[in-house]
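Structural features, examined
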Amino acid sequence: MWRLNKVRHKAGGHANSLEELRTKRREKERALRQARRDRQLVSKRLLLNEDEEQDTMEVAPGEQDVVTLFQILHHGGTEKEAFLRPLSKALRDPSAQLTFIKLENSMHLLVGLLTGSDARCRLQAVRCLHELSHSPHTSVASACLPATPYLLTYLSGQSTKFTELCLYTLGNICPDSERVKERLLAQGIIPALAGCIQNHRHNLAVVEAAGFALFQLLQSKDAAQKVIPTVLASSLPSQLLSVLTPDPDFGLAPAIECAWCLHSLTSSSENHRELLAQGALRQCCSLLVSLGGAVADGNTDQGLELLVCPLLRCVGNLLSSCPAEALHSQLGGVDLVAPLCELVVALLHTLPALAKETAWVLNNLTAHSTESCSALLTLNLVPRLLELLPFSQGINTMVLRVLANVAHKKKEFCVRLAELGLLSALTATLKMADQNVVTLSLEVLFMIIVSCPQVCRA
Amino acid sequence: MMLQPDVVRFIAMGESQTHNGDEEEGFRGAAEQQVEGNPFTFSPQLLRLHRDHELFEDGDVFRHMYLQDLFISEAEEQPAPSVSEFGCHISGCRAVFSTLHEYEHHYNSLHRHVCCSCHRSLPSARLLDIHIQEWHDSLFTILAQKQDMYLCLVEGCGQKFRTSQQRKDHLIRLHKYPPDFRFDKSRKEKGTREASREQRTDTAVEAADDVCRSEGVCEVMCGVESNQLEQEESMETHASSEEAAQSEDFSASAQTPETNTERLKPRYSYRVPKTVCFGHGSVRGFRGQRGRRK
């Protein structure tokens with residue numbers, strides 16, 4: 001379970017931590033950006049024990065202990081659990097992980113304990129596997145293959161903590177190698193995930209873990225051919241959508257994972273028919289509207305933007321494949337125009353990248369919908385859009401597109417736009433350095449002048 | 001507002017064209033009657049962005065910062081309720097606990113999906129259903145002689161097979177399952193049990209003892225209950241000979257495809273709690289050579 005408050009508290013307690021933390025974050029951010037450009041962006045998650053603190057500088061047992069512990073466990077005896085706990089701690093260390101998988105029969109031992117008659121040992125064994133799954137070395141994931149059919153089988157069991165660990169373990173090893181991913185697909189990971197979410201749909205932690213596992217599966221490069229068709233044919237889409245309810249009790253974390261899964265589905269594949277048929281657009285829009293309202297009100301819960309982001313993307317891409325005639329029924333009466341405008345303005349200074357994505361969604365909404373364009377005018381939202389025109393990083397380009405969409409519809413709209421002061425805003429944008437901005441400004445200008453030449457004489 | 005002369009010219013040309021169009025159409029009409037050289041070609045466009053699009057870069061980085069930096073913890077907001085030590089209330093189970101979580105996990109892992117006929121525990125409701133059908137349903141046995149009744153264990157696959165061996169082959173070939181998957185042991189014919197038991201007695205017993213100590217799967221009961229050697233519950237011998245070829249873990253001695261279930265039940269049941277089962281005919285420990293390797 002995600003506990004942001006705990007993190008902040010811990011970070012604050014360290015000496016010199018704030019500066020270190022900032023530096024660390026900057027470096028991480030740089031590394032992540034580069035990884036994304038290389039199409040290698042993958043993350044793993046580690047579930048900590050109840051009694052663990054991330055920051056404790058506990059002396060790690062080390063490699064030698066891994067070997068010793070394994071030998072003790074291998075030779076039998078009744079106190080297995082007592083040795084499994086330190087083993088899982090020892091396996092936190094990457095070099096110990098490598099040592100362990102090279103030991104003969106080590107995986108065999110873990111699998112045996114995983115499926116044995118002692119429930120405590122099962123739990124400890126899965127913890128060991130989970131530590132291994134978090135390894136930065138991709139060879140470790142392949143070593144975990146013998147455990148996968150059991151991890152998948154246990155997804156339809158009832159023990160929640162155990163299931164959670166199985167899910168994060170599977171999610172961690174998924175992206176590490178093609179072989180692992182294909183094996184998991186062959187072993188039925190998709191129906192297993194669907195069944196798991198169904199059984200545990202009232203448990204926050206398990207749904208979050210399952211969402212994470214599915215997200216990992218969807219990150220593979222050939223997901224569009226190998227994974228997505230099967231996912232769309234399963235009950236997963238409707239389950240993911242059912243998690244996206246604005247129910248404050250259910251918690252952000254599972255919704256975050258499910259929304260990112262939906263984003264992966266909508267952005268990797270052009271086929272949105274099934275999702276649209278299941279009301280994905282309406283569901284995402286209504287949640288987006290509730291969240292957008294909260295963000296605009298200044299709600300500083302950091303998790304909200306993590307959920308707003310994938311929702312925006314889903315809506316944006318779903319809109320792009322929704323035929324204009326069906327737009328109204330697909331949206332189900334949800335008014336998007338005003339909330340989106342509010343959101344752009346609210347995010348402009350805190351998360352400009354997200355503001356740009358919001359403007360993109362507005363573009364897709366207004367492209368072929370006269371109704372939406374009309375709403376922009378009648379709800380007096382244009383002045384707010386005009387205020388965005390000075391801002392760069394792609395925001396003004398997108399906003400100009402929106403305004404151009406409006407102008408393109410009707411002569412009356414052009415007149416209204418001119419009355420609202422668009423022309424003077426354009427004089428500023430025409431002078432900007434960005435070629436796209438200038439081109440779009442000219443396009444808008446052209447449309448206005450042609451529609452209402454009397455404006456020019458004014 | 002001052003306009004450049006050439007822009008004015010374009011506009012004048014554009015104007016004459018649009019007179020013909022329907023007002024409602026806006027500029028669509030103008031676009032269709034495009035004047036040569038008119039640089040104004042805007043039309044509203046739906047922008048579909050692929051997940052790798054650069055517009056998504058910042059949001060993706062944000063997301064992964066969350067996944068990596070903000071670690072997650074299992075601890076509940078409130079500390080887990082602590083209770084004084086208590087035992088599992090399932091008769092025959094001797095486990096004892098000091099926290100509710102432990103008990104929950106124990107119960108969910110071992111007592112949840114229990115077969116009422118043989119008291120074996122299966123990992124999931126589905127596997128339990130399959131177990132009951134294949135082991136305790138006489139109608140199944142009859143039907144199985146004429147049609148494909150053995151269901152694939154992978155949820156969503158739905159394929160059925162005439163024999164459990166065929167199903168096993170399918171699991172291995174298509175779903176890449178290991179040949180020694182513990183939750184799929186086929187039920188053997190009762191007829192030849194005697195013969196097989198005789199044959200296997202020495203090797204199996206020897207192996208079992210060895211195996212049990214070294215692997216420790218059922219050592220809980222080994223130590224607690226009597227030390228008498230017990231026959232493995234049933235050997236998927238046909239399969240195991242195949243397994244022997246595939247992994248050196250099983251003893252080389254030929255084991256016939258029988259089940260020793262009925263004959264051996266009393267002995268086996270002392271050793272492992274009745275409530276634990278890994279599918280019919282599953283091995284309680286490891287057979288053969290596996291245990292011997294130290």
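Residues numbered from 1 in each chain as written. Chains lettered and ligands numbered in written order. Predicted model: local features only at pLDDT ≥ 70, side-chain atom pairs only at ≥ 80, totals over all residues. Heavy atoms only, no water.

1. Considerations on the overall build of chain B
Stated precisely, the cut-off is as follows: Counting from the N terminus, the helices are the DSSP runs of H or I reaching at least four residues and the strands are the DSSP runs of E reaching at least two. The cut-offs for exposure are 20% and 50% of the maximum accessible area for each residue type, with area from a 1.4 Å probe on protein chains only; residues under the lower value are buried, those over the upper are exposed, and the others partly exposed.
A count of helical and extended segments in chain B gives 12 helices and 7 strands. Counting the 294 residues in chain B, one finds 49% classified as buried.

2. Regarding the overall build of chain A
As a reminder of what qualifies: Only heavy atoms matter for contacts: two residues are in contact if any of them lie within 4.5 Å across the pair. As used throughout, the charge tally considers Lys and Arg to be positive and Asp and Glu to be negative, leaving His and the chain termini uncounted. We put the charge of a Lys on NZ, of an Arg on CZ, of an Asp on CG and of a Glu on CD.
A count of helices and strands for chain A gives 30 helices and 1 strand. In terms of overall dimensions, chain A has C-alpha extents of about 95 × 50 × 35 Å along its principal axes. Evaluated residue by residue, chain A yields a buried proportion of 60% over its 458 residues. Pairs at least 24 residues apart make up 75% of the contacts formed inside chain A by residues separated by at least 6 positions. When the 43 positive and 43 negative side-chain charges of chain A are each reduced to one mean point, those points stand 4 Å apart.

3. A short note on the domain arrangement of chain A
We apply this condition: Residue ranges assigned to the domains are those given by an automatic or database domain assignment.
Looking at chain A, the domain boundaries give domain 1 (63–219) and domain 2 (348–457). Taking the mean C-alpha position of each, domain 1 of chain A and domain 2 of chain A sit 53 Å from one another.

4. Quick notes on the state of the cysteines
So the rule is basically this: A pair of cysteine sulfur atoms is labelled a disulfide when the two atoms are within 2.5 Å.
Counting across every chain of the model gives 0 disulfides over all chains. A disulfide-free cysteine, A:Cys128 has its sulfur positioned 10.0 Å from the sulfur of A:Cys121, the nearest such atom. Exposure remark for A:Cys128: the relative accessible area of 0% places this residue in the buried category. In this structure B:Cys152 is not part of a disulfide, and its nearest cysteine sulfur, from B:Cys157, lies 3.7 Å away.

5. What about the packing of helix α19 (residues 280–296) of chain A against helix α20 (residues 303–320) of chain A?
Residues and elements named next belong to chain A. Stated formally: Under this scheme, a helix contributes an axis fitted over its contacting stretch, all axes are lines through C-alpha atoms, and angles between N-to-C directions fall in the 0 to 180 degree range. Should an angle lie under 35 degrees it is considered roughly parallel, over 145 roughly antiparallel, and from 65 to 115 roughly perpendicular; all remaining angles are considered oblique. Working rule for handedness: look at the near helix, and if it is turned counterclockwise from the far one by less than a right angle, call the crossing left-handed; if clockwise, right-handed. Gly is put with the polar residues, along with every residue not named as nonpolar or charged; the nonpolar set is Ala, Val, Leu, Ile, Met, Phe, Trp, Tyr, Cys and Pro, and the charged set is Asp, Glu, Lys and Arg.
The geometry of α19 relative to α20 is characterised by a closest axis approach of 9 Å and an angle of 140 degrees between their N-to-C directions. What the angle tells us is that α19 and α20 run oblique. Judged by the twist between their axes, the crossing of α19 over α20 is left-handed. Only Leu304, Glu305, Leu307, Val308, Leu311, Leu312, Cys314, Val315, Leu318 and Leu319 of α20 make contact with α19, whose side of the interface consists of Ala280, Leu281, Cys284, Cys285, Leu287, Leu288, Leu291, Ala294 and Val295. In terms of residue class, the contact of α19 with α20 is made up of 18 nonpolar, no polar and 1 charged.

6. Thoughts on the confidence of the model for chain A
Note the following rule: Every residue gets a pLDDT, meaning the predictor's confidence in that residue, from 0 to 100.
Considering every residue of chain A, the mean pLDDT works out to 87; 91% of them sit at 70 or more. Long-range and interchain partners of residues 1–15 of chain A, a stretch whose pLDDT sits below 50, account for 34 contacts in this model, where long-range means more than four residues apart.

7. Focus on the side chain of A:His272
What counts, and what does not: Polar contacts, as used here, are pairs of N or O atoms within 3.5 Å; protein pairs need one atom able to donate a hydrogen and one able to accept it. Residues neighboring in sequence count only if both atoms are side-chain atoms.
Examined against the element boundaries, A:His272 turns out to sit in the loop between α17 (252–268) and α18 (273–277). A polar contact is formed between the side chain of A:His272 and the backbone oxygen of A:Thr266, at a distance of 2.8 Å. Here the side chain of A:His272 touches A:Ser269 through a polar contact of 3.0 Å, landing on its backbone oxygen. Setting aside residues no more than four positions away along its own chain, A:His272 makes contact with A:Thr266, A:Asn317, A:Leu318, A:Ser321 and B:Arg48.

8. Considering helix α5 (residues 125–136) of chain B
All names here are of chain B. Under the convention used in this document: One fewer than the residue count of a helix, multiplied by 1.5 Å, yields its expected span. In this description, the arc belongs to the directions extending from the helix axis to the C-beta atoms.
Between its first and last C-alpha atoms α5 spans 16 Å; for 12 residues at 1.5 Å apiece the expected length is 16 Å, and the two agree. Among the residues of α5, Leu127, Leu128, Ile130, His131, Glu134 and Trp135 are the ones counted as buried. Along the long axis of α5, the arc covered by the buried residues comes to 165 degrees, so they all point the same way.

9. Side note on the environment of A:Arg120
Among the secondary structure elements, A:Arg120 is positioned in helix α7 (residues 119–133). Setting aside its immediate chain neighbours within four residues, A:Arg120 contacts A:Glu81, B:Val96, B:Phe97 and B:Glu102. A polar contact of 2.4 Å, which involves the side chain of A:Arg120, links it to the side chain of B:Glu102.

10. Side note on the UniProt feature "domain: C2H2-type" (unreviewed entry) in chain B
Note the cut-off: UniProt positions are given in the numbering used here, feature names are shortened, and annotations may be inferred rather than shown by experiment.
UniProt tags residues 88–111 and 152–175 of chain B as "domain: C2H2-type" (unreviewed entry). Here residues 88–111 of chain B is 46% helix and 17% strand, with 10 Å between the C-alpha atoms at its ends.

11. Points about the packing of α7(A) against helix α4 (residues 100–110) of chain B
The interhelical angle for the contact between α7(A) and α4(B), taken along N-to-C directions, is 100 degrees, at an axis separation of 9 Å. The angle between the axes of α7(A) and α4(B) places the two elements in the roughly perpendicular class. Taken together, the residues of α4(B) that come into contact with α7(A) (itself represented by A:Ala119, A:Arg120, A:Arg122 and A:Leu123) are B:Glu102, B:His105, B:His106, B:Ser109 and B:Leu110. Classifying every residue of the contact of α7(A) with α4(B) gives 3 nonpolar, 3 polar and 3 charged.

12. Focus on the packing of aromatic side chains
Selection rule: For Phe, Tyr and Trp, rings pair up if their centres lie within 6.5 Å, where Trp contributes its six-membered ring, and each pair is then called stacked (planes under 30 degrees apart), edge-to-face (over 60) or tilted (otherwise). Charge-over-ring placement is defined geometrically: NZ (Lys) or CZ (Arg) within 6 Å of the ring centre, and within 35 degrees of the ring normal.
Applying the stated criterion to the full structure yields 13 aromatic pairs over all chains. A centroid spacing of 5.4 Å and a plane angle of 45 degrees characterise the contact between A:Tyr168 and A:Phe212, whose relative ring orientation is tilted. Placement of the pair is A:Tyr168 in helix α10 (residues 160–173) and A:Phe212 in helix α13 (residues 204–218), with a sequence separation of 44 residues. Each member of the pair A:Tyr168 and A:Phe212 is classed as buried. Summarising the aromatic geometry, the rings of A:Trp360 and B:Phe56 are spaced 5.6 Å apart at their centres and angled 70 degrees between planes, so their arrangement reads as edge-to-face. Taken as a pair, A:Trp360 in helix α23 (residues 352–366) and B:Phe56 in the loop between α2 (28–32) and α3 (57–69) lie in two separate chains rather than in one. Accessibility classification places A:Trp360 together with B:Phe56 in one group, the buried group. Counting every residue linked through ring pairs, the aromatic cluster contains A:Tyr150, A:Tyr154, A:Phe162, B:Tyr177, B:Phe181 and B:Phe183. Across the ring face of A:Phe215, the terminal group of B:Arg63 is positioned such that the distance to the ring centre comes to 4.2 Å.

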